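# Examination of the molecular architecture
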Amino acid sequence: MYKSLLSLFIIVTEVKFSFTGRRDNPDRIDIVDMTKPTTWTSMSLYYGAMEKRWKMCTNCGTPSLGTGMHLEQSETSGSMHPAVIPSEYLLSRLTVIDLTGMTAINPTIVLTLDVALQWAALKHDPREPTLLLFRFGWSEEENNNINIRTCACKVPGLSYELAEWIAANLSHVVGVATDAPTFESEQTREFASRTVSNVLGRSGIYMIENVHFRRKVPEQGCLSLAMPLKLLNSVYVPARLTAFCPAVNENRQTDVHVVMALRKDIHAQARLPNSRVYDVNLDEILS
């Protein structure tokens, strides 16, 4: 008797579809890389400056470093490092907060608490570990709005009150992410301690910045896997963010979502291949 094995795999459950167009494969899972790359030169300049304790502008973010993860700000004494984040917090449900319509009207918008509570994902505590991804619609061209030398920038971000709300009321939110180079807004950028990063970091909520949207990602239903470089004694580290999403298109509405589950392997008896002894004419081959 063969011994039963358990294997870990990704399945899609609770499938309910309504189609208005061509039916495609409802069981396909799209794997989306949401990482913005960096270069060795950019990393060398940044970590060299940090090691020499040069004064740096961090509240405007570091877009040249690509996608990165941190907890508190680098100047904060006793800051926690991403290397200590438990692995079980890095695999989480992904919820996208789409703010592109608002930033199209006001590119430097500050997302306040009263406006944010219009989203159910921000009003109610999720039931499982969740990564909140704020999509502002930031692009590479808008990096020109950042002047690192003068620490002046025009970047959308979160209000301090919203960060406090997330830290105090959304206990299952393990991390927040954004496609902008920083979460700091005009309300918090000039402060040393009263910042979005510090209030979230002290609550153990990690932040991922410079996320790259290569394609449309569903607002609900995806799993996310954050993979920070396990660099000791470093506050800000490069990270890779991958989303596992149900395959959707513009003509289909679905509440399908991706989950992790265990399945027992069933070993079927191996079938012997059909013999081809009588299909081969040896006389013809040897002649």
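Residues numbered from 1 in each chain as written. Predicted model: local features only at pLDDT ≥ 70, side-chain atom pairs only at ≥ 80, totals over all residues. Heavy atoms only, no water.

### Digging into the pairing of strand β14 (residues 237–246)
- Burial runs high along β14: 9 of the 10 residues are buried.
- Two strands pair when backbone bridges link them, and strand β3 (residues 29–33) and β14 are joined in this way by 5 bridges, in the antiparallel orientation. Bridged to Asp30 within β14 is Cys245. (Buried < 20%, exposed > 50% of the residue type's maximum accessible area, 1.4 Å probe, protein only. Helix = DSSP H or I, 4+ residues; strand = E, 2+ residues; numbered from the N terminus. Pairing = 2+ DSSP bridges.)

### Some thoughts on helix α5 (residues 160–169)
- Listing the buried residues of α5 in full gives Tyr160, Leu162, Ala163 and Ile166. In a view along the axis of α5, the buried residues occupy a sector of 165 degrees, so they form one face of it.
- Considering only its buried residues, α5 is in contact with β6 (110–111), α3 (113–116), β7 (130–135), β10 (157–158), β11 (173–178) and α6 (196–201). (Arc of directions from axis to C-beta. Contact = heavy atoms within 4.5 Å.)

### Examining the confidence of the model for the protein chain
- Averaged over the protein chain, the pLDDT score is 79; the fraction of residues at 70 or greater is 72%.
- Mean pLDDT across the secondary structure elements of the protein chain bottoms out at strand β2 (residues 17–19), with 31, and peaks at β7, with 97.
- Note that residues 1–23 has pLDDT below 50 and, in this model, 55 contacts with residues that lie over four places away or in other chains. (pLDDT = per-residue confidence, 0-100.)

### Description of unusual backbone geometry
- One non-glycine residue with positive phi stands out, namely Asn210, at about 60 degrees.
- Relative to the assigned elements, Asn210 resides in the loop between β12 (206–209) and β13 (222–228).
- The class of Asn210 is buried, set by a relative accessible area of 0%.

### A few points about the state of the cysteines
- Counted by the stated rule, this structure contains 1 disulfide.
- Covalent S-S linkage joins Cys222 and Cys245, the inter-sulfur distance amounting to 2.1 Å. Sign of the S-S torsion, about 115 degrees for the bond between Cys222 and Cys245, identifies this disulfide as right-handed. Of this pair, Cys222 sits in strand β13 while Cys245 sits in strand β14; the two residues are 23 residues apart in sequence, bridging distant segments of the chain. In this pair, the class of Cys222 matches that of Cys245, namely buried. (Disulfide = S-S within 2.5 Å.)

### A closer look at the side chain of Ser92
- Along the polypeptide, Ser92 turns up in strand β5 (residues 91–98).
- Taking relative accessible area as the criterion, Ser92 reaches 2% and is therefore assigned buried.
- For Ser92, the contacting residues outside a window of four places in its chain are Pro129, Thr130, Leu131, Val174, Tyr206, Cys222, Leu223 and Ser224.

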